[in-house]
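Secondary and tertiary structure notes
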Amino acid sequence: MSTVEERVKKIVCEQLGVKESEVQSTSSFVEDLGADSLDTVELVMALEEEFETEIPDEEAEKLASVQDAIDYIVAHT
Amino acid sequence: MSLDGKIALVTGATRGIGKAIAKELAGQGALVVGTATSEAGAESISEDLAGAATPGFGIVMNVSDPESIEAGLKAVAERAGAPHILVNNAGITRDNLLMRLKDGDWSDVIETNLASVFRLSKAVLRGMAKARWGRIINVSSVVAGMGNPGQTNYCAAKAGVEGFTRSLAKEMSNRGITANCVAPGFIDTDMTRKLDDKQRESMMEVIPAGRLGEPEEVAAVVGFLASDAAGYVTGETIHVNGGMYMG
């Protein structure tokens, strides 16, 4: 079974079309990985699907980096 | 065929323009799901679509009721899959001069003709974004641009749909999703058959083509907008009205 970190990074790669080597835990979706506003919405939806959870909009807005997403998933699943 | 493998959802597909649209898309190879407000209507859609290359079917959905929309979309997902094409066609009129228009006449028309477009479009976007391909086609009306006495509610809803469509087009175009409107003029349907000779006569005076349009003539434009050929057309309203109004 993959770790949460691995699964999050895999989804980030798929959604944003970036290579795994480019994705660090500290990477910011917008500044480092080139996500636009629609990308971030889609990314959150993909995370919800993968981890079978609902991320409320006000929480989703705070997820700026890969580590933010990992922390949220770990705390809420 | 050009829409082979595509799933299309057409609201209000029992008769008139919606029925013709369902037939057009099915004729292009799409699996068409048509909505009706009654079981009998859904059954008649299933019969209409049974002979298609990819047989479609009808479902019951009241587009003014969010719960009914949710249940209907669940049925579509289970029986067909995520729609690639959404045609928001279902609509009602509750005509009256504004001085006599009741709150219910206003809210019924806004809910059925405008809020439904928001709810259904939002619900199908996720699947379309994933597929990187989608077509949202909203049936507006010539009166959205022209205005029409006795139809403040209807004109507000249809003009709202056109503005909604332009914004949606800008939001989603880099995902291969287009959003457009088709605005029919006077089409030969149950709605216009109700008019008396005098009304019909005065209508003809303002239609340069000198005749009513056929539902198939509206459906043909929807068929084009749904196709790959229309991939670069988005945010547009295409008028189908025999020249009576040119936006």
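What this report covers is the structure whose coordinates are included nearby. (Residues numbered from 1 in each chain as written. Chains lettered and ligands numbered in written order. Predicted model: local features only at pLDDT ≥ 70, side-chain atom pairs only at ≥ 80, totals over all residues. Heavy atoms only, no water.)

**Some points on the packing of helix H1 (residues 16-27) of chain B against helix H9 (residues 215-226) of chain B**
All names here are of chain B.
- Two numbers describe how H1 lies on H9: the axes approach to 8 Å, and their chain directions differ by 45 degrees. Here H1 is positioned oblique relative to H9, judged by the angle of their axes. The crossing of H1 and H9 is right-handed. Facing Gly 16, Ile 17, Ala 20, Ile 21, Glu 24 and Leu 25 of H1, the residues of H9 in contact are Pro 215, Glu 216, Val 218, Ala 219, Ala 220, Val 222, Gly 223 and Ala 226.
- Of the residues that constitute the contact of H1 with H9, the class distribution is ten nonpolar, two polar and two charged. (Axes fitted to C-alpha atoms, helices over the stretch in contact; angles between N-to-C directions. Helix = DSSP H or I, 4+ residues; strand = E, 2+ residues; numbered from the N terminus. Parallel < 35°, antiparallel > 145°, perpendicular 65-115°, else oblique. Left-handed = near helix turned anticlockwise from the far one by under 90°. Contact = heavy atoms within 4.5 Å. Nonpolar A, V, L, I, M, F, W, Y, C, P; charged D, E, K, R; others polar.)

**Topic: the packing of aromatic side chains**
All names here are of chain B.
- Taken as a whole, this structure holds zero aromatic pairs over all chains when the rule is applied.
- A cation over a ring is seen here: Lys 6 above Trp 133, with NZ or CZ 4.3 Å from the ring centre.
- Here the guanidinium or amino end of Arg 79 rests over the ring plane of Phe 57, the centre of that ring lying 3.8 Å away. (Phe/Tyr/Trp six-rings, centres within 6.5 Å; stacked < 30°, edge-to-face > 60°. Lys NZ or Arg CZ within 6 Å of the ring centre and 35° of its normal.)

**Thoughts on empty space enclosed by the protein**
- Using the criterion set out here, one finds two cavities of 30 Å³ or more in the structure.
- Its boundaries defined by the atoms lining it, the largest cavity holds a volume of some 70 Å³.
- Taken together, Gln15(A), Glu42(A), Met45(A), Ala46(A), Glu49(A), Arg126(B), Ala129(B) and Lys130(B) form the lining of the largest cavity.
- In terms of residues, the lining of the largest cavity owes the most to one element, helix H2 (residues 37-50) of chain A, which gives four residues.
- Partitioning the lining of the largest cavity into residue classes produces three nonpolar, one polar and four charged.
- Lining the second largest cavity are 13 residues, with Asn88(B), Ala90(B), Asn113(B), Ser116(B) and Val117(B) sitting closest to its centre. (1 Å grid on protein atoms, 1.4 Å probe; cavity = no way out; pocket = protein on both sides within 12 Å on 5 of 7 lines; lining within 4 Å. Points joined across faces, edges and corners; volume = space filled by probe spheres on them.)

**Details of the layout of surface pockets**
- As a volume, the largest pocket reaches approximately 1500 Å³.
- Along its surface, the largest pocket is lined by 50 residues, and Gly91(B), Thr93(B), Tyr154(B), Thr189(B) and Met191(B) are the ones closest to its centre.
- Counting only elements with at least two residues in the lining of the largest pocket, the list comes to H1, strand E2 (31-36), helix H5 (143-146), helix H6 (152-172), helix H7 (190-193) and helix H8 (197-205) of chain B.
- Of the residues that constitute the lining of the largest pocket, the class distribution is 20 nonpolar, 25 polar and five charged.
- Lining of the second largest pocket is provided by 32 residues; of these, Val41(A), Glu42(A), Met45(A), Asp57(A) and Lys122(B) occupy positions nearest its centre.
- Considering only residue class, the lining of the second largest pocket consists of 20 nonpolar, three polar and nine charged.

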